[in-house]
Amino acid sequence: MTAYDVIVLAGGAAKRLGGADKPGLRVGGRALLDRVLSACADAAVTVVVGGRRATARPVVWTREVPEGGGPLAALGAGLRLTTAERVLVLSADLPFLGRGTVDALLTAAGEQGREGALCTDPDGRDQPLVAAYRAEPLRRELALIATEHGSLAGLPLRLLTAELDLARIDAGPDASFDCDTWDDIAAARARIREHGAVLDEWITSVKNELGIDLDVDTALLLDLARDAAHGVARPAAPLTTFLVGYAAARASAGAGPDEAAAAVAEAARKATDLALRWEAEAEVEASGGEAAGAGGSGSGTADGTAGGAGRDAGREGTGTP
């Protein structure tokens, strides 16, 4: 993907939220602004237009002139600090913005003859603050608007989008969902706890909190936790997954995210095999021991190996007689 810059608009009075610090409001334990920043973490330059605050990753701060001058003024202030050919423009209150939407916007904005791309909401309305623009026509139109009206302050975004040749991206109901009211905040918090989404949301939040860039095979780790809990004891589940993570970290020290993910998978495989062996032994003992389980002959085990060989199979190479 060609380099791009991003401008995040994080100002505004948040009147429908009673003047609350909207970018700092938390959904799923993370500030709305941090959730937006995580969707465009590979931007060459990230400019946030608004009051300074702690953020999950470094950004460049600026303010519109005058403060409170509206989105066009904020966009103009942010654009002065960017240099890339394409500029992603986002509001700071998009709790469900994902990498897929960002990629789709940047790709569409790079199409021949297009001057940008924006999302449309489920009702077909344009969302100019979930968009990607080519920098040159964006600068041109902002300059023309400022010349015509004397400044950018207090002007609506439609003055800009009406003059640009923009692709429209239907990114579904979530990408353009923004939080303007307390009802919106409540709906967002409820949505991330829905059964089909909660684990992915939680894993993403933990990775961001810990600064981890790693693809996690959630199903693999859940299967491991289940096997450890069932085959050993319930407290073995969290302890085993911790040890798998520690082992994977040691095995992939200094490596990249792909190698780290592979190390997690390999450590999980080994631990799962061990848990299944524990479970097999427990089943044998519950049935009266290996001899009883083999019809009294001592010739078989639960895994189908010879009785004598089965007991010593795990000792190969240890020097144990």
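Note that the structure is predicted; figures quoted are calculated from it, not measured. (Residues numbered from 1 in each chain as written. Predicted model: local features only at pLDDT ≥ 70, side-chain atom pairs only at ≥ 80, totals over all residues. Heavy atoms only, no water.)

Draft legend 1. Inspection of the environment of Thr107 at higher detail. Counting through the fold element by element, Thr107 comes out in helix H3 (residues 99-109). In this structure, the C-alpha to C-alpha distance between Thr107 and Ala132, residues 25 residues apart in sequence, is 9.0 Å. (Helix = DSSP H or I, 4+ residues; strand = E, 2+ residues; numbered from the N terminus.)

Draft legend 2. Broad picture of a negative patch on the surface. Together, Asp213, Asp215, Asp258 and Glu259 make up a negatively charged patch on the protein surface. Following the sequence through the fold, Asp215 ends up in the loop between helix H8 (198-210) and helix H9 (218-231). Classification of Asp215 as exposed rests on a relative accessible area of 62%. (Patch = residues over 30% accessible without salt bridge, like charges linked within 9 Å, V, L, I, M, F, W, Y side chains within 5 Å. Areas by Shrake-Rupley, 256 points an atom, 1.4 Å probe, with all protein chains shown as cover. Salt bridge = Lys/Arg side-chain N within 4 Å of Asp/Glu carboxyl O. Lys, Arg positive; Asp, Glu negative; His and termini not counted. Charge placed at Lys NZ, Arg CZ, Asp CG, Glu CD. Buried < 20%, exposed > 50% of the residue type's maximum accessible area, 1.4 Å probe, protein only.)

Draft legend 3. A look at the pattern of salt bridges. Enumeration over the complete set of coordinates arrives at 20 salt bridges. Ionic pairing is found between Arg125 and Asp121, a salt bridge with its closest N-O pair at 2.8 Å. The exposed category is assigned to Arg125, whose relative accessible area is 52%. Residue class for Asp121 comes out buried when judged on its relative accessible area of 9%. The partner of Arg269 in a salt bridge is Asp273, and the shortest N-O contact between them spans 3.1 Å. Placement of the pair is Arg269 and Asp273 together in helix H11 (residues 257-286), with a separation of four residues, close to one helical turn. Since its relative accessible area comes to 40%, Arg269 is described here as partly exposed. Look at Asp273 and you get partly exposed, because its relative accessible area is 30%. What emerges from the salt-bridge pattern is a single network uniting Arg16, Lys22, Asp93 and Asp180.

Draft legend 4. Structural detail: the confidence of the model for the protein. Averaged over all residues, the pLDDT of the protein equals 85, while 88% of them reach at least 70. Within the model, pLDDT remains below 50 along residues 292-321, and this stretch shows 24 contacts once partners closer than five positions in the same chain are excluded. (pLDDT = per-residue confidence, 0-100. Contact = heavy atoms within 4.5 Å.)

Draft legend 5. Structural detail: the pairing of strand E7 (residues 116-120). Across the five residues of E7, five count as buried, placing the element largely inside the fold. Side chains Gly116, Leu118 and Thr120 project from E7 onto one buried face, and the interleaved Ala117 and Cys119 project onto a second face that is buried too. Where E7 folds back onto strand E8 (residues 126-134) in an antiparallel hairpin, the turn is made up of five residues, including Gly124, whose phi is positive at roughly 85°. With five bridges connecting them, E7 and strand E9 (residues 166-170) associate as parallel partners. Looking across to E9, one finds that Ala117 is bridged to Ala167. (Pairing = 2+ DSSP bridges.)

Draft legend 6. Representation of the packing of aromatic side chains in the model. Inspection of every chain in the model, using the stated rule, returns one aromatic pair. Relative to Phe177, the ring of Phe96 lies with its centre 5.8 Å away and its plane at 55°, an arrangement referred to as tilted. With Phe96 in the loop between strand E6 (86-91) and H3 and Phe177 in the loop between helix H6 (172-175) and helix H7 (182-191), this pair connects stretches of sequence that are 81 residues apart. Considered together, Phe96 and Phe177 belong to a single accessibility category, that of buried residues. Between the NZ or CZ atom of Arg191 and the centre of the ring of Phe177, over which it lies, the distance is 4.7 Å. (Phe/Tyr/Trp six-rings, centres within 6.5 Å; stacked < 30°, edge-to-face > 60°. Lys NZ or Arg CZ within 6 Å of the ring centre and 35° of its normal.)

Draft legend 7. Local environment of a nonpolar patch on the surface. On the surface, Val198, Leu199 and Leu222 cluster together to form a nonpolar patch covering roughly 230 Å² of accessible area. Here Val198 shows up in helix H8.

Draft legend 8. Representation of the side chain of Ser91 in the model. Structurally, the position occupied by Ser91 is in strand E6. For Ser91, the side chain forms a polar contact with the side chain of Asp93, separated by 2.7 Å. (Polar contact = N/O pair within 3.5 Å; in protein donor to acceptor, adjacent residues only side chain to side chain.)

Draft legend 9. Region of the structure containing the sheet that holds strand E5 (residues 60-62). Pairing in this open sheet of seven strands is mixed, and the strands run E5-E4-E1-E6-E8-E7-E9 from one edge to the other. Each of the sheet's edge strands pairs with one partner strand only, and the pair in question is E5 and E9. Ignoring strand direction, the axes of neighbouring strands in this sheet form an average angle of 25°. The pairing of E6 with E8 spans five bridges and is classified as antiparallel. (Axes fitted to C-alpha atoms, helices over the stretch in contact; angles between N-to-C directions.)

Draft legend 10. Broad picture of the packing of helix H10 (residues 236-251) against H11. Following both chains from N to C, one finds H10 and H11 inclined at 135°, their axes separated by 8 Å at the closest point. In terms of orientation, H10 and H11 fall into the oblique class. The interaxial crossing formed by H10 with H11 has right-handed handedness. Facing H10, whose interface residues are Thr240, Val244, Ala247, Ala248 and Ala251, H11 presents Ala263, Val264, Ala267, Ala268 and Ala271. (Parallel < 35°, antiparallel > 145°, perpendicular 65-115°, else oblique. Left-handed = near helix turned anticlockwise from the far one by under 90°.)

Draft legend 11. Inspection of the packing of H9 against H10 at higher detail. Put simply, H9 and H10 touch, their axes get as near as 8 Å, and they point 130° apart. The pairing of H9 with H10 is recorded here as oblique in orientation. In this structure, the crossing between H9 and H10 has a hand that is right-handed. Contacts between H9 and H10 involve Leu221, Leu224, Ala225, Ala228 and Ala229 on the former and, on the latter, Ala236, Ala237, Thr240, Thr241 and Val244. In the contact of H9 with H10, the residues fall into eight nonpolar, two polar and no charged. (Nonpolar A, V, L, I, M, F, W, Y, C, P; charged D, E, K, R; others polar.)

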